[in-house]
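An overview of the molecular structure
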Amino acid sequence: MQQTPATEAAPRITKETKNKIRVNYEGKLSGWDRFKLQLTSSSFWVDKVWYLVRFIMMIGISFVILSPFLSKILRSFMAKEDFVDATVSLIPLHWTFDTYKAIIVDNQYFKAMFNTAWLSLCCALIQTFVCCMIGYGLAKFKFKGNKIIFLFVIITMAIPHSTLKLSLLQHFVSFDIFAVQSWNMMGPIQLLTKLFTGTAKTLELTGTNWPLILMSLAGIGFKNGLYIFMMISFFRGVPDELEESAYVDGCGTFRTFVQIILPTAVPMMITIFLFAFSWQWTDEFYSNLFYTGLDKTWLL
């Protein structure tokens, strides 16, 4: 004969059970009754007060962030009289477009913006492809001097640009390939000019876009050391089996690089392109260094 316990254990009430009972209870009440029930709850008032505090904080932070921009925008519409008037602080009394006219017409804003965009785009595209080739060569090919070249890449990241200012300027003021002035060694350009004109001359590239383009082609442009380091780190993570399978199918080194390796590096290439374009756009060091003549600026 089966024995039954004298006392049965009471059912355990969990948090889920309480929530279910609460939902069933509030579901039978009207909207006004539920609202009055919320007014008597302390958690309701705590949530509303915290919501109000966050809203006020967001309004204050937004005002602090946007007020400088709003001030600049409104001041751009001020006339000369408003700038000398002590009673005018934010909203102009005499609205005018003279500032925008001076920027767009007198300073040729759109022409300068187009030239800057064109130069930044060219340098970004060149740097992206050149840094990909250099990074791929240093990451996947083992040759004598590989580590030394990689060390030079790291050094270019550590040396400040201002250290090379005078040497870069002197190099492009009298530009010639492989010419060493201290040894009186003439380069190809000097040899050609001496052959045809009788006088050895060099090229003056300051005031043109050629210094930045040539530096990008040589892999020593603005922040190129960082781009090469990024590509080396990326290509070291690419499996060697991809190259080996391409070589077995008869692909050469360059074809393997273009058709197999580059498609895998598209995300990194996009990152480098965006960095190169934005940093070239905002660069002032090389612009102030090489563009010394307004009459030749932006000319190739």
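Notes on the structure in this doc start here. (Residues numbered from 1 in each chain as written. Predicted model: local features only at pLDDT ≥ 70, side-chain atom pairs only at ≥ 80, totals over all residues. Heavy atoms only, no water.)

**As for the nonpolar core**
Grouped together as the largest cluster of nonpolar side chains are 21 residues, with contacts concentrated most on C132, I228, M231, F235, F257 and I261. Counting only elements with at least two residues in this core, the list comes to α6 (109-140), α11 (224-235), α13 (253-264) and α14 (266-281). (Core = buried A, V, L, I, M, F, W, Y, C linked by side-chain atoms within 4.5 Å. Buried < 20%, exposed > 50% of the residue type's maximum accessible area, 1.4 Å probe, protein only. Helix = DSSP H or I, 4+ residues; strand = E, 2+ residues; numbered from the N terminus.)

**Focus on α11**
Within an α-helix, residues lying three or four positions from one another point in the same direction, as the helix has 3.6 residues per turn. Its 12 residues place the ends of α11 16 Å apart at the C-alpha level, agreeing with the 16 Å of an ideal helix rising 1.5 Å per residue. When α11 is considered as a whole, its buried residues turn out to be N224, G225, Y227, I228, M230, M231, I232 and F235. Buried-residue contacts for α11 involve α6, α7 (146-158), α10 (210-217), α13 and α14. (Expected span 1.5 Å × (residues − 1). Contact = heavy atoms within 4.5 Å.)

**A look at the pattern of salt bridges**
Scanning the entire structure with this criterion turns up 2 salt bridges. A salt bridge links K140 to D240; its shortest N-O distance comes to 2.8 Å. Here K140 is found in helix α6, whereas its partner D240 is found in helix α12 (residues 240-248), with 100 residues between them in sequence. With a relative accessible area of 16%, K140 lands in the buried category. Residue classification places D240 among the partly exposed positions, given a relative accessible area of 41%. Among the charged side chains, a network of salt bridges with common partners joins K140, D240 and E243. (Salt bridge = Lys/Arg side-chain N within 4 Å of Asp/Glu carboxyl O.)

**Section: α10**
When α10 is considered as a whole, its buried residues turn out to be P211, L212, I213, M215 and S216. Its buried side turned inward, α10 meets α6, α8 (165-173), α11, α14 and α15 (285-290). Two residues or fewer past α10, G219 is found with a positive phi of approximately 80 degrees.

**With respect to unusual backbone geometry**
Across the chain, the bulk of peptide bonds are trans and the bulk of non-glycine residues have phi less than zero. The backbone of Q108 sits at a positive phi, close to 50 degrees, despite the residue not being glycine. Inspection of the secondary structure assignment puts Q108 in the loop between α5 (98-106) and α6. A positive phi angle, near 65 degrees, is found at K223, a position not held by glycine. Its location among the elements puts K223 in the loop between α10 and α11.

**Section: the side chain of T256**
In this fold, T256 is placed in helix α13. Here T256 falls in the buried class, since its relative accessible area comes to 0%. Only 2.6 Å separates the side chain of T256 from the backbone oxygen of G252, close enough to count as a polar contact. If near-sequence neighbours (up to four positions away) are discounted, T256 is found in contact with E243, A246, Y247, C251 and I261. (Polar contact = N/O pair within 3.5 Å; in protein donor to acceptor, adjacent residues only side chain to side chain.)

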